[in-house]
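Chain residues, written in single-letter form:
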Amino acid sequence: MRPDKPLPITKRMVWEAYKRVKNNGKAAGVDATSMEDFTEDLENNLYRIWNRMASGSYFPPPVRRVEIPKAGGGVRPLGIPTVGDRIAQMVVKRYLEPELEKQFHPDSYGYRPGKSAHQAVERARVRCWHKDWVVDLDIKGFFDTIDHTLLMRAVRRHTQDKWVLLYIERWLTAPVQLSDGSIQKRAAGTPQGGVISPLLANLFLHYAFDTWMQRTFPDILFERYADDVLCHCRTHQEAAHLKRVLEQRFAACRLVLNPEKTKIVYCKDSNRRQSYPHIQFTFLGFCFRPRMAKNRWGKLFTCFLPAVSPEALKRMRARIRSWRLAQHAPLALEDIAQSLNPVLRAWWQYYGRFYPTELWKLFRYFDERLGKWLRCKYKRMAGHRGRSLRKLDQIARQNPQWFVHWQYLGRSTVG
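Residues numbered from 1 in each chain as written. Predicted model: local features only at pLDDT ≥ 70, side-chain atom pairs only at ≥ 80, totals over all residues. Heavy atoms only, no water.

Is there a simple way to explain the nonpolar core in this structure?
For soluble globular proteins, the rule of thumb is that nonpolar side chains tend to be buried together. Ile87, Ile168, Met213, Cys231 and Leu246 are the most contacted members of the largest nonpolar core, which totals 73 residues. At eleven residues, helix H9 (residues 197-216) tops the list of elements feeding residues into this core. Leucine 246 has contacts with Leu137, Phe209, Trp212, Met213, Cys231 and Leu257, leaving out every residue within four places of it along the chain. Core analysis: the second largest hydrophobic core is formed by 50 residues, Ala117, Leu344, Leu362 and Ala396 among them. (Core = buried A, V, L, I, M, F, W, Y, C linked by side-chain atoms within 4.5 Å. Buried < 20%, exposed > 50% of the residue type's maximum accessible area, 1.4 Å probe, protein only. Helix = DSSP H or I, 4+ residues; strand = E, 2+ residues; numbered from the N terminus. Contact = heavy atoms within 4.5 Å.)

Can you walk me through the sheet that holds strand S11 (residues 300-308) in this structure?
Taken in spatial order, the three strands of this open sheet run S9-S10-S11, and their pairing is antiparallel. The open sheet has two edge strands, strand S9 (281-283) and S11, and neither has a second partner. Pairs of neighbouring strands in the sheet enclose a mean axial angle of 50 degrees, with direction left out of account. Relative to strand S10 (residues 286-294), S9 is paired through three bridges, and the arrangement is antiparallel. Counted as the bridge partner of threonine 282 is cysteine 287 from S10. Across the sheet, helix H5 (residues 117-130) is in contact with S9, S10 and S11; its angle to S11 comes to roughly 155 degrees. (Pairing = 2+ DSSP bridges. Axes fitted to C-alpha atoms, helices over the stretch in contact; angles between N-to-C directions.)

Before we go on, may I ask you to explain the packing of helix H4 (residues 83-101) against helix H8 (residues 162-173) in this structure?
Angle between the axes and distance between the axes are the two parameters that describe a pair of packed helices. With their axes 11 Å apart at the nearest point, H4 and H8 run at an angle of 135 degrees to one another. Looking at the two axes, H4 sits oblique to H8. Both H4 and H8 take part in a crossing whose hand is left-handed. Of H8, the residues touching H4 (which contributes Asp85, Ala88, Gln89, Val91, Val92, Tyr95 and Leu96) are Trp163, Val164, Tyr167, Ile168 and Trp171. Here the residues of the contact of H4 with H8 sort into ten nonpolar, one polar and one charged. (Parallel < 35°, antiparallel > 145°, perpendicular 65-115°, else oblique. Left-handed = near helix turned anticlockwise from the far one by under 90°. Nonpolar A, V, L, I, M, F, W, Y, C, P; charged D, E, K, R; others polar.)

Help me understand the packing of aromatic side chains, please; the structure alone is not making it clear to me.
For the coordinates displayed, the defined rule picks out 26 aromatic pairs. Considering the side-chain rings of tryptophan 133 and tyrosine 266, the 4.8 Å spacing of their centres and the 45 degrees angle between planes classify their relative orientation as tilted. Of this pair, tryptophan 133 sits in strand S3 (residues 133-138) while tyrosine 266 sits in strand S8 (residues 263-266); the two residues are 133 residues apart in sequence, bridging distant segments of the chain. Accessibility assignment for this pair places tryptophan 133 and tyrosine 266 in one class, buried. Aromatic pair phenylalanine 281 and phenylalanine 288: ring centres 4.7 Å apart, planes at 15 degrees, arrangement stacked. Like phenylalanine 288, phenylalanine 281 is buried. In textbook terms, an aromatic cluster arises when at least three aromatic residues are bridged by ring pairs, as seen for Trp323, Trp347, Phe366, Phe403 and Trp406. Positioned above the aromatic ring of phenylalanine 59, the side-chain terminus of arginine 170 is 3.7 Å from the ring centre. Sitting over the ring of tyrosine 355, arginine 291 keeps its end group 5.4 Å from the ring centre. (Phe/Tyr/Trp six-rings, centres within 6.5 Å; stacked < 30°, edge-to-face > 60°. Lys NZ or Arg CZ within 6 Å of the ring centre and 35° of its normal.)

Would you mind going over the confidence of the model for the protein chain with me for this structure?
Atomic detail in the predicted coordinates should be set aside for any region of low pLDDT. Mean pLDDT for the protein chain: 92, with 97% of residues reaching 70 or above. Confidence over residues 410-415 falls short of pLDDT 50; this stretch has 18 contacts with residues more than four positions distant or in other chains. (pLDDT = per-residue confidence, 0-100.)

Help me understand the sheet that holds strand S5 (residues 183-184), please; the structure alone is not making it clear to me.
Backbone hydrogen bonds hold the strands of a sheet together, and the pairing may be parallel or antiparallel. Strand order in the open sheet made by the four strands is S2-S1-S4-S5, with mixed pairing throughout. Pairing within the sheet leaves two strands with one partner each, and these edge strands are strand S2 (75-80) and S5. Of the strand pairs in this sheet, strand S1 (residues 63-69) and S2 are connected by six bridges, and their pairing is antiparallel. Looking across to S2, one finds that glutamate 67 is bridged to proline 77.

Which parts of the structure should I look at to understand H9?
An ideal rise of 1.5 Å per residue puts 28 Å on 20 residues; H9 measures up with 27 Å between its terminal C-alpha atoms. Along its length, H9 reaches its greatest deviation from straightness, about 50 degrees, at histidine 206. Taken across its 20 residues, H9 has 17 buried, putting it largely inside the fold. (Expected span 1.5 Å × (residues − 1). Bend = angle between axes of the 7 residues up to and from the residue.)

I'm lost on the pattern of salt bridges in this one. Help?
Between side chains of opposite charge, pairing is possible as soon as their charged atoms come close. A complete count under the given rule lists 18 salt bridges for this structure. Arginine 254 serves as the salt-bridge partner of aspartate 147, at 2.9 Å between the closest nitrogen and oxygen. Highlighted residues: aspartate 147 in the loop between helix H6 (142-145) and helix H7 (148-156) and arginine 254 in the loop between helix H10 (236-252) and S8, separated in sequence by 107 residues. With relative accessibility at 14%, the residue aspartate 147 sits in the buried group. Its salt-bridge partner being glutamate 368, residue arginine 385 comes within 2.2 Å of it at the nearest N-O pair. (Salt bridge = Lys/Arg side-chain N within 4 Å of Asp/Glu carboxyl O.)

Just checking my understanding: could you explain the pairing of S10 for this structure?
Along a regular strand, successive side chains alternate from one face of the sheet to the other. Count of turn residues in the S9/S10 antiparallel hairpin: two residues, of which leucine 284 carries a positive phi of about 55 degrees. Hairpin connection of S10 to S11: five residues between the antiparallel strands, including glycine 298 at a positive phi of 85 degrees.

Teacher, can you tell me more about the pairing of strand S6 (residues 221-225) here?
Burial analysis of S6 places four of its five residues in the buried class, which makes it a mostly covered element. Alignment of S6 against strand S7 (residues 228-233), held across five bridges, turns out to be antiparallel. Bridge pairing in S7 places arginine 224 opposite valine 229. The turn joining S6 and S7, which pair antiparallel and follow one another in sequence, is formed by two residues; a positive phi near 55 degrees is taken by alanine 226.

Please clarify how unusual backbone geometry should be interpreted in this entry.
Glycine aside, negative phi is the norm for most residues, and most peptide bonds take the trans geometry. Its identity is not glycine, yet tyrosine 111 carries a phi of approximately 55 degrees, on the positive side. By relative accessible area, which is 44% here, tyrosine 111 ends up partly exposed. A positive phi angle, near 55 degrees, is found at leucine 284, a position not held by glycine. Tracing the chain through its elements places leucine 284 in the loop between S9 and S10. A relative accessible area of 14% places leucine 284 in the buried class.

Here it is, written out as structure tokens:
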């Protein structure tokens, strides 16, 4: 640090932040500067960020807002900071995160080093076997309604560094640029899409929910992935009481539980045969519900298990249709595989982790589309669905490495 810079931010801190940011999202912010544009004059751009941050004169530009369609209808607002602002946020995140990680609850899984959605789903899967009831919580507009005063109070419990507090406050109050170009002030919330937003959101719910649950309901286990929360209860009465009290708790923290999406679910299986209105819920893209399974002796029974949700399957089928494979008949199948396999692999690695039989429906659908591609490519197969699928099955057996589901299943999913 140079002696004429009042804040303890070094060039090394900015450089390390850039290395963390450069491969995570390349969309441009309000300045229309992409990551590629930024790197064309990398040294000067990084120096400018350091110079302003170290002198206290860095003010974040407005956050560009885009709207992402939600699976259940409506849109989710996503904030896209500029490339430079993402780097600046990463400087503060890397400084603050190690201290906060020491405090966070072990059953908080979202956006944390060494934690994953699969770990949260696995823990929920096991706990649903041991507890009959789940309270599925949905916080209405969480990222947009976080109270700044309460959040800054939580931040001050873990750091007194004035430069950290200074920049976090500036990011919280940075305006938003809407799609029509107008600027909107922000008095609450932290935009989804910001580098530091997940850390701040976790800190807020650490005090609003995690530690409060430990004090108030120490025997009730939960999984939390950002604002997606499940609580496991022994009885319906316990679940109903918890739901009522949590509504009051979140209201005290200036948050609202969505009354339509927050529900009490009965984890029905072969040993739990009572009838209740809700016997399924969706958590992190997986639908938990009664499903058929085999025990060690090959006998079928009903177990409460997660699998890829119908909503996720619908989105992925729509993505497959958007590829319009039949219109690419001139291409070689191997070229199509190289282009699409990264997407198929990501789907398999995430959704194939639990009850993969449900995901096979998607791959059979994909192979049906490949069969249509074959019928368009080879006129002798036109109108012969069965012949094209048998040919595709033969190709799959000869080239299992082309598509990820051909590799994992050992054969094509056609037929």
